[in-house]
Amino acid sequence: MSHLDDILEEYEFLDADERYRLLIDLGRKLEPMPDALKTDATLVRGCSASVWVYPVAGNGDALHFLADSNAAITKGIVALVLAAVQDQPARQVADTDIAALLAPFDLKNQLSSNRTQGVPNMIALVREHAARIAG
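Just so you know, these numbers come straight off a predicted model, no measurement behind them.

## Comments concerning the environment of L63
Here comes step 1: Relative to the assigned elements, L63 resides in strand β2 (residues 62–69).
Here comes step 2: For L63, a relative accessible area of 2% corresponds to the buried category.
Here comes step 3: Between the C-alpha atoms of L63 and Q92, which are 29 residues apart in sequence, the distance is 9.5 Å.
Here comes step 4: Excluding its chain neighbours within four sequence positions, the residues that come into contact with L63 are P55, V56, G58, V85, Q86, D87, Q88, A90, A130 and I133.

What follows is the structure in structure tokens.
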């Protein structure tokens, strides 16, 4: 997965249609999430599309997330969220202001409100998982 700074560098030079395509492409590159992990417990509440996020232990104290969505653009937004925290220590993920890292993407003005309404809930779930794992 690309680092968030690299994605932003490319994103800033694109027009609106190209930004949609970039988000869709990011979503396609997400590591596949097994259907068995797509449960009510991993479902992000408040999203217009179905979104699932599941933390797994990575190397050392790194936290790795599997995620999926049934909507292409939403899956790209999920990929952006994960790019901000993927494979970092759980405590660092729990303490990261993911919304601030995503602010330069200006998603609220780039996408319809129903596409972005669940983003705060997705961020909260990622941080809650990390905080629980970090102890």
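## Describing the nonpolar core
Here comes step 1: Membership of the largest hydrophobic core comes to 38 residues, with the highest contact counts inside it found for V53, L80, L102 and F105.
Here comes step 2: Counting residues per element, this core draws most heavily on helix α3 (residues 72–85), at 10 residues.
Here comes step 3: If sequence neighbours within four positions are ignored, L80 has contacts with L4, I7, L23, L26, L102, F105 and L107.

## Brief notes about the side chain of D68
Here comes step 1: In this fold, D68 is placed in strand β2.
Here comes step 2: Within polar-contact distance, the side chain of D68 engages the side chain of K38 at 2.5 Å.
Here comes step 3: Not counting residues up to four positions away in its chain, the partners in contact with D68 are M33, K38, S50, V51, W52 and K75.

## Quick notes on α3
Here comes step 1: With 14 residues, α3 extends 21 Å between its outermost C-alpha atoms, agreeing within 8% with the 20 Å of an ideal straight helix rising 1.5 Å per residue.
Here comes step 2: Most of α3 sits out of view: 12 of its 14 residues are buried.
Here comes step 3: Within α3, burial applies to I73, T74, G76, I77, V78, A79, L80, V81, L82, A83, A84 and V85.
Here comes step 4: One or two positions beyond α3, positive phi appears at D87, with a value near 65°.

## Observations concerning a negative patch on the surface
Here comes step 1: Taken together, the side chains of D5, D6, E9, E10 and E12 present a region of like negative charge at the surface.
Here comes step 2: Secondary-structure assignment places E10 in helix α1 (residues 4–11).

Reading the values: the criteria
- Residues numbered from 1 in each chain as written.
- Predicted model: local features only at pLDDT ≥ 70, side-chain atom pairs only at ≥ 80, totals over all residues.
- Heavy atoms only, no water.
- Helix = DSSP H or I, 4+ residues; strand = E, 2+ residues; numbered from the N terminus.
- Buried < 20%, exposed > 50% of the residue type's maximum accessible area, 1.4 Å probe, protein only.
- Contact = heavy atoms within 4.5 Å.
- Core = buried A, V, L, I, M, F, W, Y, C linked by side-chain atoms within 4.5 Å.
- Polar contact = N/O pair within 3.5 Å; in protein donor to acceptor, adjacent residues only side chain to side chain.
- Expected span 1.5 Å × (residues − 1).
- Patch = residues over 30% accessible without salt bridge, like charges linked within 9 Å, V, L, I, M, F, W, Y side chains within 5 Å.
- Areas by Shrake-Rupley, 256 points an atom, 1.4 Å probe, with all protein chains shown as cover.
- Salt bridge = Lys/Arg side-chain N within 4 Å of Asp/Glu carboxyl O.
- Lys, Arg positive; Asp, Glu negative; His and termini not counted.
- Charge placed at Lys NZ, Arg CZ, Asp CG, Glu CD.

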